[in-house]
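Here's the letter readout for the chains.
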Amino acid sequence: GTYIRVGTVNRKASEDSITALERARRKTSYDELPAYDVPWAELDLAAFAREYAEASGRKLDQAGYGKLGLLVVERDASYPTNTAILLSDSGVRRRLFPYAKIECARFKGTDTKVFLDQATIDGPVHSSVELALAFIKRNIALGSKIGEVYRQDRWEYPLEAIREALTNAVVHRDYSIQGSDIKVAIFDDMLEITSPGPLPDNIAPDALGTGRSEIRNRVLAPIFKELKLIEGWGTGIRKMRTELEAYPNIRLALQEAGNAFQVQFVKENYTTEVTPEVTPEVTPEVRMISVMTGEMSRTEIQDILGLKDEKHFRETYLLPAIEAGLIEMTVPGKPRSSKQRYRTTAKGIETLRRLNQKAEG
């Protein structure tokens, strides 16, 4: 029979594993395979095309989709590749790739017994990183210190390192594995990101960050680069380690966990001491949630604040509030949906409570 390595154990290969080995022998990646049972016209790639044009300066047509590896034409029929489906905002993505999502959870303490917060991010894969990062911001602390000249805000974990880890998880996960999704788990003592699919056989965990790189998804990865979501091949781990230089109390741990790969940001010398509460300032985003009631549309919030410039409102109020975890979208998979509404999160409510206490005191 055929055996594969899973962690430190040799295990008899499943039919899916044998198929993956056959693809590797043919030097074909799963994400570039055509989906012959899906008509090209069934995909909604409008949001992706818009973001691609903004990032690259090039508008996509039929030929452009083909050059990117998203479209295959055979016998005068057009078929999307698996990557095209993953980037689409279509029901077919949820049907064929129900596990191409990120499950996020904040746990109480250092185990998984009690959930404090949960979120499922199941939109197009290129938009999932920022939404997962917004969940993380909602569930980690933001402290402040006053320097000689100005105030400095410091997150509990280095956000740029986490963004790199999330992006790597999305770009390099094995999308042929059914039944597994990317998981973000936040504990009191660490933040953990798990991505389906082990490292390639010729790369060991201790070789990561040395510049060596092997691309699992040969269509998706270059597209992420053109979208400016990644800088280059083999630089992600090095960037994480560089960002962690400013966090000597956080250790980066890289490891295979069964048929998956994990990145852990572990607090050294963790104790159960309570972090002093930081009183929030009345920033634009805090001012915004102070006038919100229930679920509101963008125009309703903008009108009640008396703001006419939509761009200014988005950049100064709306997006910072989402990133800080003060509000959340009712349709998170479709940021530009006509049905989109916004509501204050538990963190936003707590922020307002602390402000009111300060005012009363």
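Residues numbered from 1 in each chain as written. Predicted model: local features only at pLDDT ≥ 70, side-chain atom pairs only at ≥ 80, totals over all residues. Heavy atoms only, no water.

S.K.: Can you break down the nonpolar core residue by residue, with the values?
M.R.: Core analysis: the largest hydrophobic core is formed by 87 residues, its most contacted members being Phe48, Phe265 and Met288. Among the elements that take part in this core, helix 7 (residues 159-172) stands out by supplying eight residues, more than any other. Filtering out sequence-adjacent residues up to four positions away, Phe265 remains in contact with Tyr157, Ala161, Ile162, Ala165, Asp189, Met190, Leu191, Met240, Leu244, Ile250, Arg251 and Leu252. (Core = buried A, V, L, I, M, F, W, Y, C linked by side-chain atoms within 4.5 Å. Buried < 20%, exposed > 50% of the residue type's maximum accessible area, 1.4 Å probe, protein only. Helix = DSSP H or I, 4+ residues; strand = E, 2+ residues; numbered from the N terminus. Contact = heavy atoms within 4.5 Å.)

S.K.: With reference to specific residues and values, describe the pattern of salt bridges.
M.R.: Applying the stated criterion across every chain yields a total of 19 salt bridges. Salt bridges here are not isolated pairs; linked through shared partners, they connect Asp117, Arg138, Glu295, Glu328 and Arg343. (Salt bridge = Lys/Arg side-chain N within 4 Å of Asp/Glu carboxyl O.)

S.K.: For the packing of helix 7 against helix 9 (residues 236-244), give the residues involved together with the corresponding values.
M.R.: Closest axis-to-axis distance for the helix 7/helix 9 pair is 8 Å, and the angle between their directions is 160°. By the angle between their directions, the pair helix 7 and helix 9 is classed as roughly antiparallel. Read as a crossing pair, helix 7 and helix 9 show a hand that is left-handed. In this structure, helix 7 uses Glu160, Ala161, Glu164, Ala165 and Asn168 to contact helix 9, whose residues at the interface are Gly236, Ile237, Lys239, Met240 and Glu243. For the contact of helix 7 with helix 9, the class distribution of residues is four nonpolar, two polar and four charged. (Axes fitted to C-alpha atoms, helices over the stretch in contact; angles between N-to-C directions. Parallel < 35°, antiparallel > 145°, perpendicular 65-115°, else oblique. Left-handed = near helix turned anticlockwise from the far one by under 90°. Nonpolar A, V, L, I, M, F, W, Y, C, P; charged D, E, K, R; others polar.)

S.K.: Just give me the short version of helix 11 (residues 298-305), but keep the residues and values in it.
M.R.: Along helix 11, the residues that are buried comprise Arg298, Ile301, Gln302 and Leu305. Looking straight down helix 11, one finds that the buried residues subtend no more than 100° of arc, so they occupy a single side. Following helix 11 by one or two positions, Gly306 has its phi on the positive side, about 75°. (Arc of directions from axis to C-beta.)

S.K.: How would you sum up the side chain of Asn139? Please name residues and give values.
M.R.: Turning to its location among the elements, Asn139 is positioned in helix 6 (residues 128-139). Owing to a relative accessible area of 15%, Asn139 belongs among the buried residues under this scheme. Ignoring sequence-local partners within four residues, the contact set of Asn139 consists of Arg106, Asp117 and Ile186.

S.K.: Could you give an account of the packing of aromatic side chains, naming the residues involved and the relevant values?
M.R.: On inspection of all chains with the given rule, the structure shows seven aromatic pairs. The interplanar angle of 85° and the centroid separation of 6.3 Å between the aromatic rings of Tyr30 and Phe97 together place this pair among those described as edge-to-face. Placement of Tyr30 in the loop between helix 1 (15-25) and helix 2 (46-56) and of Phe97 in the loop between helix 5 (91-96) and strand 5 (102-107) is noted, with a sequence separation of 67 residues between them. By relative accessible area, Phe97 is classed as buried at 5%. (Phe/Tyr/Trp six-rings, centres within 6.5 Å; stacked < 30°, edge-to-face > 60°.)

S.K.: Report on the environment of Thr28, specifying residues and quantitative values.
M.R.: Inspection of the secondary structure assignment puts Thr28 in the loop between helix 1 and helix 2. Placed 189 residues apart in sequence, Thr28 and Asn217 show a C-alpha to C-alpha distance of 9.4 Å.

S.K.: Residue-level account of the packing of helix 10 (residues 284-291) against helix 12 (residues 310-323), with values.
M.R.: Viewed as axis vectors pointing N to C, helix 10 and helix 12 meet at an angle of 75°, and their least axial separation amounts to 8 Å. With respect to helix 12, the element helix 10 is oriented roughly perpendicular. Between helix 10 and helix 12, the residues in contact are Pro284, Glu285, Arg287 and Met288 and Phe313, Thr316, Tyr317, Leu318, Pro320 and Ala321, respectively.

S.K.: Any details on the side chain of Arg93? Residues and values, ideally.
M.R.: Note on placement: Arg93 falls in helix 5. Classification of Arg93 by relative accessible area gives buried; the value is 1%. A polar side-chain atom of Arg93 sits 3.4 Å from the main-chain carbonyl oxygen of Gly123. (Polar contact = N/O pair within 3.5 Å; in protein donor to acceptor, adjacent residues only side chain to side chain.)

S.K.: Got a sec to walk through the confidence of the model for the chain? Specific residues and values, please.
M.R.: For the chain, per-residue confidence averages 84 on the pLDDT scale, and 80% of positions sit at 70 or higher. Across residues 146-151, where pLDDT falls below 50, the model places five contacts with residues more than four positions away in sequence or in other chains. This stretch, residues 274-279, has a pLDDT under 50; its non-local contacts, to residues over four places away or in other chains, come to eight contacts. (pLDDT = per-residue confidence, 0-100.)

S.K.: Tell me what's going on with the pairing of strand 10 (residues 190-196), and back it up with residues and numbers.
M.R.: Counting buried residues along strand 10, seven of its seven residues qualify, which places the element largely inside the surrounding structure. Of the two faces of strand 10, both are covered, the one formed by Met190, Glu192, Thr194 and Pro196 as well as the one formed by Leu191, Ile193 and Ser195. Where strand 9 (residues 182-186) lies against strand 10, four bridges are found, and the strand directions are antiparallel. Across the sheet, the residue bridging to Val184 is Ile193, located in strand 10. The loop that links strand 9 with its antiparallel partner strand 10 comprises three residues. Of the strand pairs in this sheet, strand 10 and strand 12 (residues 260-267) are connected by seven bridges, and their pairing is antiparallel. Within strand 12, the position partnered with Leu191 by the bridge is Phe265. (Pairing = 2+ DSSP bridges.)

S.K.: I'd like to hear about unusual backbone geometry, residue by residue, with values.
M.R.: The phi angle at Asp76 is positive, at roughly 65°, despite the residue not being glycine. You can see Asp76 is positioned in the loop between strand 3 (71-74) and strand 4 (77-80). Residue classification places Asp76 among the exposed positions, given a relative accessible area of 80%. For Lys228, which is not glycine, the phi torsion reads 65° and is therefore positive. With respect to the helices and strands, Lys228 occurs in the loop between helix 8 (220-226) and helix 9.

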